[in-house]
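Remarks on the overall topology
Next come the chains, spelled out residue by residue.
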Amino acid sequence: MSRSVIWGKLRPYVLIAPAMAGIGLFVIYPVAYLVYLSFFKYNLMNKARSKFIGLDNFEQILTRGDFYKALGNTAVYTLGVVVLTMALSLLIAVWLNRKTRINALVQAGIFTPHIVSIVSIALVWLWLMDPDQGLLNFVLRTFGLPPSEWLQSSGTALFSVIIVSVWQSVGYYALIIVAALQSVPPSIYEAAALDNASRFKVFWKITLPMISPQLFFILIIMTIGSFKVFDTVKIMTGGGPNDATNTLVYYIYGFRTTNIGYSAATGTVLMAIIGVLTFIYFRLLAKKVHYQ
C-alpha cells in the first residue's frame, strides 16, 4: 500500500485529532471526573479525610429541603427568562425586520448589552433597583405608584434577577430571529398576498414555521444557559434574601470547600436534568421544526 493511500485514509482522523483532543481534555474528562467525585466525601481543606461513600451523596440530595428550594428557584427562573426573552425577541425582531435607517441603529443598540460584562450590568442594575436612591423607584414615585423592594424582598428578588437576565440577552436573540426572518423567500409572502391571507395567518402559517429552526435553537440554548445561571445571582443577591434566589449552580458553589463530593453529586444531577429536558424538547418539538 502506497504512502498516498495510507495518508488518504489517515488524513480525516489527523485533521479532527486536535478538536477531539480538546473535547476529551475540556469536556469528557471534567464530566467523568465530576461523576467520579460524586461517589466520595471529599473535603478540599483536608484531603486526607476524603473517603468513598457510594451513593450517599445522591441519597442526601433527595432528602434535603434546600436542594428542592434551589431546584424550584431555578425552574421558575428558567421559565421566566425563556418565555419572556423569546416573546420579546420575536416582537422586536418583527419590528426590526423593516429595512430603515433607524432600525439599523436600534439593532446595534440592543446588541450592546450582550457584549458588556455581566458584572458591569449587574452593578448598574443594583443601583437602579436600590430601594431608596434607585432610578426605578424614583420613576414609580413620580407616577404616584408605590416603590418596590426589588432585590431586598423574597417576593420580588427572583423576578428582579429575571428582568436583568432578559434585558441582557433579548437583543442578541432578536438579531438571530431578524436574520431568520430575512432569509424567508419573498415569493412565499407574494403567494400569500395573492390569496388575500390575513397578516395573522401569514405570521402563524408561514413566518413561524419558516423560522422554527432558529426558535428551536434559541429554546435549547436558553434553557441550558438559564439552568446554569450563577454570575447574576452571585453579584446581585448572593442567593438571598432567605434563599429566594438560590439557584442550583449557586447552591453547588456553596459546598465548594466543605464537601466537594456533594457538590459533584448535585452537579451530576443538574447535568442529568438538562439532558432530560433536552431529550424532551427533541421528542416533542423536533418533528414540528420546518427545515427548508
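Residues numbered from 1 in each chain as written. Predicted model: local features only at pLDDT ≥ 70, side-chain atom pairs only at ≥ 80, totals over all residues. Heavy atoms only, no water.

Put simply, the rule reads: UniProt positions are given in the numbering used here, feature names are shortened, and annotations may be inferred rather than shown by experiment.
If you look the protein chain up in an unreviewed UniProt entry, it shows as ABC transporter permease subunit from Paenibacillus macerans. In its Subcellular location (unreviewed entry) section, the UniProt entry covering the protein chain states "Cell membrane". The UniProt entry for the protein chain carries the following comment under Sequence similarities (unreviewed entry): "Belongs to the binding-protein-dependent transport system permease family."

Describing the pattern of salt bridges
What counts is decided by this rule: When a carboxyl oxygen of Asp or Glu is within 4 Å of a side-chain nitrogen of Lys or Arg, the pair counts as a salt bridge. Each residue gets one of three labels from its accessible area relative to the maximum for its type: buried under 20%, exposed over 50%, partly exposed in between, using a 1.4 Å probe on protein chains only.
Across all of its chains, the model carries 1 salt bridge by this definition. The salt bridge partner of D66 is R64, with a shortest N-O separation of 2.7 Å. Here R64 falls in the partly exposed class, since its relative accessible area comes to 23%.

Here's the deal with the side chain of S38
For clarity, the cut-off: Secondary structure elements follow DSSP: runs of H or I no shorter than four residues count as helices, runs of E no shorter than two count as strands, and numbering proceeds from the N terminus. Two N or O atoms form a polar contact when they lie within 3.5 Å of each other; inside protein one atom must be a possible hydrogen donor and the other a possible acceptor, and for residues adjacent in sequence the pair counts only when both atoms belong to side chains. Residue contacts are counted whenever heavy atoms from the two residues lie within 4.5 Å of one another.
Inspection of the secondary structure assignment puts S38 in the loop between helix 1 (3-37) and strand 1 (40-41). Within the local environment of S38, its side chain forms a polar contact with the backbone oxygen of V35, the two atoms lying 2.4 Å apart. The residues touching S38, leaving out its near neighbours within four places in the chain, are G54, N57, F58, G261, A264, A265 and T268.

Some thoughts on the UniProt feature "domain: ABC transmembrane type-1" (unreviewed entry) in the protein chain
UniProt tags residues 71-281 as "domain: ABC transmembrane type-1" (unreviewed entry). As a span, residues 71-281 carries 74% helix and 0% strand, and end to end its C-alpha atoms are 19 Å apart.

Some words on helix 5 (residues 118-128)
Quick note on the threshold: Directions are taken from the helix axis to each C-beta atom, and the arc is the one they span.
Those residues of helix 5 that sit buried are I118, I121, A122, W125 and L128. The buried residues of helix 5 occupy an angular sector of 115° when the element is viewed end-on, so they sit on one face. In the core, the buried residues of helix 5 are packed alongside helix 4 (101-115), helix 6 (135-142), helix 7 (157-182) and helix 11 (231-236).

Focus on unusual backbone geometry
With an omega dihedral of -10°, the bond running from G240 to P241 counts as a cis peptide bond. Mapped onto the elements, P241 comes out in the loop between helix 11 and helix 12 (248-253). If you check the backbone angles, N242 has positive phi at about 55° while not being a glycine. Tracing the backbone shows N242 in the loop between helix 11 and helix 12. On the basis of relative accessibility, which here comes to 68%, the residue N242 falls in the exposed class.

Notes on the packing of helix 8 (residues 186-194) against helix 9 (residues 199-210)
Between two packed helices, what matters for the description is the angle formed by their axes and the separation of those axes. For clarity, the threshold we go by: The axes used here are C-alpha line fits, helices contributing only the stretch in contact, and every angle between their N-to-C directions lies in the interval 0 to 180 degrees. The labels follow the angle: roughly parallel below 35 degrees, roughly antiparallel above 145, roughly perpendicular from 65 to 115, and oblique for the rest. Throughout, a crossing is termed right-handed when the near helix is turned clockwise from the far one, and left-handed when it is turned anticlockwise from it by less than a right angle. Only Asp, Glu, Lys and Arg are considered charged in this grouping, and only Ala, Val, Leu, Ile, Met, Phe, Trp, Tyr, Cys and Pro are considered nonpolar; every other residue, Gly among them, is considered polar.
Remark: helix 8 packs on helix 9, axes separated minimally by 11 Å, with the N-to-C direction vectors making an angle of 165°. Relative to helix 9, the element helix 8 is oriented roughly antiparallel. Seen from above, helix 8 lies across helix 9 with right-handed handedness. From helix 8, I188, Y189 and A192 reach across to helix 9, where they touch V202, I206, T207 and M210. The class makeup of the residues in the contact of helix 8 with helix 9 is 6 nonpolar, 1 polar and no charged.

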